[in-house]
Structures are given as C-alpha cells and as structure tokens.
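Structural features, examined
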Amino acid sequence: MQGQACIYRTARNSEPKVDDDAPLPSLATSKLDLVPDREGKAMAAVRFLDPELFQRSLKGTPLTLLTANRVPRYVQNLVMGRETPLRIATEYYQLVHPWLPIISKRKVYERLLSPLVPIRVDVAFLLLCMSLLASSYKEIEDPDGSLEYRAAVQYFTEIQRSGIVTPEVLQGCILLAIYEWGHAIYPAAEISIGTSLRYALSLGMGWNKTTQGALDSTWADEEEERRTWWAIYVIERLV
C-alpha cells in the first residue's frame, strides 16, 4: 500500500501498565524463603553468644545419627514434642537420678537435648527409657503392656538390627532392664542386662579397659563411663 506509513509496535508498548497508586503487598502475606526456623535461630544465636557451648553441643555427635527423621513415628509421638524432652529429663533427674546417677546431667542438657542439633536416633531411645523408668513412680496396671514399654522394646530391636552401638543406647538398655526387673518381667530382665553387658564390652568398658577414651573426652565422660559399668555389675547381681 503505497503512501501509507508503517507503524511498528515497540517493546515499550507491550509492557503492562503499572498503577503507581496501588498499595504495596503486606509483609505479613509475603513469602520469605530465607527465614530460618526456630532451631536455626537458636543455632545462630548460641554460636555468637557462647562459642564454647556451641562446640560442646556438637561434640561427639556421629554424623550418621544427626538425622531426626530416622526416628520412627511411634517414638516421635512419645518423646519428641516441643516440651516433651525437657519434661522427661526433669522428671528423670528428680525421681531416678538420685539413686541411679549414671547419666550426666550436663551431657543431656548441653549435648543431647541441645536445640542446635536434632534429637539423634540413640538419644530418642534413651529418652524413651528415661520416661519409662520415671513412670514407675506412678501406678501402672499392666507394666509389660504399657505403650511406652512396648515401644521401647520394639525400638531397641530396630536399633540392634541397624548396628548402632553408642553409650546412649547402652544406658537406655540399662534403664530398660531396671524397669523389667522392678516389675518382675522375666526372662526379659535377664536378657536386657545380658545385652547391656555385651554392649558395654563392645564399647571397651570393663575392669581392665582395652581401649582408650576419645581424645576430646573429659573427666566427666570417664566418670560417667565408670558409673555405667558399675551399674551393670550391680544390676546383674540383683537380676
């Protein structure tokens, strides 16, 4: 068509119109992907406010046990609520620890229940057995049929099958044996204390230690180990 000007649409014409008077989106309704969760905030704060506590919290934590999602759901429901671990520890140290001082209070609160790391597989078992033994101070109609006891036995079987051998598993097994002995659950009590003995030997415990402690072990760690071994010796005589 001769004599008619050609008009080309530019990129500017294709841009959407922006209303300068439109309100900005509310911050409360905006999605912020970089906001850390409660554990992340605690880790960042403690790392700067108390570096020594931060290092102690991560001390001796096997990387393969740092994943809380490996803990079965039926165990999580019993010991891994928001306030449940601290409640279990408080009841245990008030009721059981005075006559069975084998679990270091400092280790539990600084390392095992630290908000800087998720509850480990073996620590979940220890918490379950701590709660189980503390529940003995309440009236239990069916000790060998209670939910906590059946969960502890089943979870311990799964831990043994997975090959996890740690001091926390050993201490949980000792508490389980004491619960069974106190409620006359035989032959389970004898089997549990025998298993505890084998676990202790595999960890190098005994009257004549065959292995040296970790390079970063403290006097408190070694004392806890001695008390754990003595507990096995005494309970084996009772059972």
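Just so you know, these numbers come straight off a predicted model, no measurement behind them.

Some thoughts on the overall build of the chain
In terms of regular secondary structure, the chain is built from eleven helices and zero strands. For the chain, buried positions account for 38% of its 239 residues. Taking the contacts inside the chain whose residues are at least 6 apart along the sequence as the reference set, 73% of them involve residues at least 24 apart. Counting every atom, the chain has about 15400 Å² of accessible surface; 56% of that belongs to carbon and sulfur.

Notes on the pattern of salt bridges
Applying the stated criterion across every chain, the model contains ten salt bridges. Across the salt bridge formed by Glu 168 and Lys 107, the nearest N and O atoms sit 3.1 Å from each other. Residue Glu 168 is located in helix H9 (residues 167-182), and its partner Lys 107 is located in helix H6 (residues 105-112); the two are separated by 61 residues in the primary sequence. Take Glu 168 and Lys 107: they sit in the same class, and that class is buried. As a salt-bridge pair, Arg 111 and Asp 221 come within 3.4 Å of each other at their nearest N and O atoms. Taken as a pair, Arg 111 in helix H6 and Asp 221 in helix H11 (residues 219-238) lie far apart in primary sequence, 110 residues in all. Pair check on accessibility: Arg 111 and Asp 221 agree, each one buried.

Quick notes on the packing of helix H5 (residues 84-95) against H6
One can describe the packing of H5 onto H6 by two numbers: an axis separation of 11 Å at closest approach and a directional angle of 175°. In terms of orientation, H5 lies roughly antiparallel with respect to H6. Where H5 approaches H6, its residues Leu 86, Ala 89, Thr 90 and Tyr 93 are matched on the opposing element by Lys 105, Val 108 and Tyr 109. Looking at the contact of H5 with H6, its residues break down into five nonpolar, one polar and one charged.

Rules of the game
- Residues numbered from 1 in each chain as written.
- Predicted model: local features only at pLDDT ≥ 70, side-chain atom pairs only at ≥ 80, totals over all residues.
- Heavy atoms only, no water.
- Helix = DSSP H or I, 4+ residues; strand = E, 2+ residues; numbered from the N terminus.
- Buried < 20%, exposed > 50% of the residue type's maximum accessible area, 1.4 Å probe, protein only.
- Contact = heavy atoms within 4.5 Å.
- Areas by Shrake-Rupley, 256 points an atom, 1.4 Å probe, with all protein chains shown as cover.
- Salt bridge = Lys/Arg side-chain N within 4 Å of Asp/Glu carboxyl O.
- Axes fitted to C-alpha atoms, helices over the stretch in contact; angles between N-to-C directions.
- Parallel < 35°, antiparallel > 145°, perpendicular 65-115°, else oblique.
- Nonpolar A, V, L, I, M, F, W, Y, C, P; charged D, E, K, R; others polar.

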